[in-house]
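# Overview (structure and organization)
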Amino acid sequence: MKLLALFIQPAQFRNQDPDSSRKVTWAELFYDLVFVTAIAALAEYFFTHFSLTGLVQTIMLFATMWYAWLSATFYADRFDTDDAWHRVMNVFQMLCVVGIAVNIHTAFHLHSYLFIVFYVALRSSIVLLYVRVARQLRTRRSAILPIILLMLVILGLWCISLLVAPPWRYAVWLLAIAIDIALPLVLRHRLSATTLPLSHDHLPERFGLFTMIVLGESLASIVHGLLDIGTTFTSLLMALMVLLISFSIWWLYYDNVDDAAMKRPFSAVLCWEYLHFVLLICIMMLSVTIRHIFEVTAAELTMEHVLLPSLLVVIYAILGLFNYLCYRYENVPTVACRYLICARLIAVGMGIVGVWLGFYLSLLWLVVFMTVLSVAQVLHNIILPEDEFTVLK
């Protein structure tokens, strides 16, 4: 037993003091990198199924991956002991993620059994971690047991989908995804800051790092695009513009998004979670759209004409909502809040104009328009005077 104690530590609740300083571990960063391999595989799936049907399928698959990552991340934020047992389970989960990535192209085929089996194994390992914690932490058991119950319902639906043929199989998946989405809402009182609080600095850092890794997919798409068509003046100009769009998203996200929302009511944390889900799927789809832009040679209207400005409209809207959340829950709201939110609203409005222009402009000029809009948002952030960061009266 003493030897076993060297490798397996007793379960503990990490966030007794949510304000205590805590950083992302190397194991967590490695875990996120492995998860992004599945996101990259999903991006490749959307690239080869670039249609309205493929878009819907991609959203479904992204939702399954997102809520698996979110379940593991929330568990690690609250109960991670970083002992041998937890690391072994992490390795098992990463193997499952690799299996999902390898089989994601067959997810909507008749024989998608391996994809489902790997996904069930991934979610089952997370449930086992919660069961261990529920057994050892009696004071937190009443809050943890409902989480386990709903996760078992989700697992049951995925297992049932093995026995159901398409298209009803996908209806079962949608039901499981709906429960995943509703889980924090249903259990909001048991997951609140008084029962199972989240870390105020660790969790935002996990979200930020995951966002950065997904944003890197857009840079990879530029490289793929140049490799596919070669380096010409037009392709290099296009690469420069989409690079500026990607850098603008990075700038606006990390310059104005902080952890203020995590320090306030659980409803703000829920908004933070849901907004990241939409933001990340838009960034992933944007990276695929960027790669397709390099291959468009026809002058007629294509899906890229509509999807590029539409995705940027949603991204600008989410960044504006992040600005509102962060400054809404700051102890001293600033005048800059109004300027930032107004700037995002203007970007959304101009982006909608870009959607309309997409029906008339060539793809090159549409990218020029969206690039100018993105760079203008960054310039607004740069020239915003420091003295505007004063308390609102």
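Each remark here, short or long, concerns the structure printed above.
Here goes a summary of the coordinates provided. (Residues numbered from 1 in each chain as written. Predicted model: local features only at pLDDT ≥ 70, side-chain atom pairs only at ≥ 80, totals over all residues. Heavy atoms only, no water.)

## A few points about the overall build of the protein chain
Of regular secondary structure, the protein chain possesses 13 helices and zero strands. Listed by position from the N terminus, the elements making up the protein chain come as α-α-α-α-α-α-α-α-α-α-α-α-α. A burial count over the protein chain gives 55% of its 393 residues as buried. Considering only intrachain contacts with a sequence separation of at least 6, the fraction spanning at least 24 residues in the protein chain is 83%. Working note: accessible area of the protein chain is about 17700 Å², and carbon and sulfur atoms make up 72% of it. (Helix = DSSP H or I, 4+ residues; strand = E, 2+ residues; numbered from the N terminus. Buried < 20%, exposed > 50% of the residue type's maximum accessible area, 1.4 Å probe, protein only. Contact = heavy atoms within 4.5 Å. Areas by Shrake-Rupley, 256 points an atom, 1.4 Å probe, with all protein chains shown as cover.)

## Looking at the packing of helix 4 (residues 84-103) against helix 5 (residues 113-136)
Contact pair helix 4 / helix 5: the axes reach a minimum separation of 8 Å and the direction vectors enclose 160°. Classified by the angle between their axes, helix 4 and helix 5 sit roughly antiparallel to one another. When you trace helix 4 past helix 5, the crossing you get is left-handed. Along its contact with helix 4, which presents Trp 85, His 86, Met 89, Phe 92, Gln 93, Cys 96, Val 97, Gly 99, Ile 100 and Asn 103, the element helix 5 presents Leu 114, Phe 115, Phe 118, Tyr 119, Ala 121, Leu 122, Ser 125, Ile 126, Leu 128, Leu 129 and Arg 132. (Axes fitted to C-alpha atoms, helices over the stretch in contact; angles between N-to-C directions. Parallel < 35°, antiparallel > 145°, perpendicular 65-115°, else oblique. Left-handed = near helix turned anticlockwise from the far one by under 90°.)

## A word on the environment of Phe 30
Along the chain, the position of Phe 30 falls in helix 2 (residues 26-48). A relative accessible area of 49% means that Phe 30 is categorised as partly exposed. As a C-alpha pair, Phe 30 and Asn 90 span 60 residues in sequence and 9.8 Å in three-dimensional space.

## Let's talk about the packing of helix 2 against helix 4
In the contact formed by helix 2 and helix 4, the axes pass within 8 Å of each other and the chain directions differ by 10°. In this view, helix 2 runs roughly parallel relative to helix 4, as classed from their interaxial angle. Helix 4 is crossed by helix 2, and the crossing has left-handed handedness. The residues of helix 4 that touch helix 2, namely those facing Phe 30, Tyr 31, Val 34, Phe 35, Thr 37, Ala 38 and Ala 41, are Asn 90, Gln 93, Met 94, Val 97, Val 98 and Ala 101. Counted by class, the contact of helix 2 with helix 4 contains ten nonpolar, three polar and no charged residues. (Nonpolar A, V, L, I, M, F, W, Y, C, P; charged D, E, K, R; others polar.)

## A word on the environment of Val 278
If you trace the backbone, Val 278 turns up in helix 10 (residues 266-293). Val 278 sits in the partly exposed class, given a relative accessible area of 31%. Distance from Val 278 to Phe 62, taken between C-alpha atoms, is 10.0 Å for residues 216 residues apart in sequence. Once residues lying within four places of it in the same chain are set aside, the contact partners of Val 278 are Val 314 and Ile 318.

## Some thoughts on the nonpolar core
One finds Trp 66, Tyr 130 and Met 284 to be the most contacted residues of the largest nonpolar core, which totals 122 residues. Examining the composition of this core, we find that 16 residues originate from one element, helix 10, more than from any other. Leaving out residues up to four positions away in the same chain, Trp 66 has contacts with Phe 207, Phe 210, Glu 273, His 276, Phe 277 and Leu 280. (Core = buried A, V, L, I, M, F, W, Y, C linked by side-chain atoms within 4.5 Å.)

## Some remarks on the pattern of salt bridges
Enumeration over the complete set of coordinates arrives at four salt bridges. Where Asp 32 meets Arg 206, a salt bridge forms, and the shortest distance between an N and an O atom there is 2.7 Å. One end of the pair, Asp 32, is in helix 2; the other, Arg 206, is in helix 8 (residues 202-229), and 174 residues separate them in sequence. Judged on exposure class, the residue Asp 32 and its partner Arg 206 are both buried. Here Arg 291 and Glu 44 are joined by a salt bridge, their closest N and O atoms 2.9 Å apart. Of this pair, Arg 291 sits in helix 10 while Glu 44 sits in helix 2, placing them 247 residues apart in sequence. Assessed through its relative accessible area of 12%, Arg 291 is described here as buried. (Salt bridge = Lys/Arg side-chain N within 4 Å of Asp/Glu carboxyl O.)

## Quick look at a nonpolar patch on the surface
Taken together, the side chains of Met 212, Leu 219, Phe 247, Trp 250, Trp 251, Leu 379, Ile 382 and Ile 383 present a nonpolar region at the surface, about 770 Å² in accessible area. Only helix 8, helix 9 (233-256) and helix 13 (363-383) provide two or more residues apiece to the nonpolar patch. Mapped onto the secondary structure, Ile 383 falls in helix 13. Owing to a relative accessible area of 65%, Ile 383 belongs among the exposed residues under this scheme. (Patch = residues over 30% accessible without salt bridge, like charges linked within 9 Å, V, L, I, M, F, W, Y side chains within 5 Å.)

## Some remarks on empty space enclosed by the protein
One pass over the full model with this rule turns up two cavities of 30 Å³ or more. Considered as a void within the structure, the second largest cavity measures approximately 90 Å³ in volume. If you go around the second largest cavity, the residues you meet are Glu 28, Tyr 31, Ala 72, Thr 73, Tyr 75, Ala 76, His 86, Asn 90, Gln 93, Ile 126, Leu 129 and Arg 206. For the lining of the second largest cavity, the secondary-structure elements that each account for two or more residues are helix 2, helix 3 (52-79), helix 4 and helix 5. Ranked by residue count, the leading element in the lining of the second largest cavity is helix 3, at four residues. Considered class by class, the residues forming the lining of the second largest cavity number six nonpolar, four polar and two charged. (1 Å grid on protein atoms, 1.4 Å probe; cavity = no way out; pocket = protein on both sides within 12 Å on 5 of 7 lines; lining within 4 Å. Points joined across faces, edges and corners; volume = space filled by probe spheres on them.)

By themselves these figures say nothing about function.
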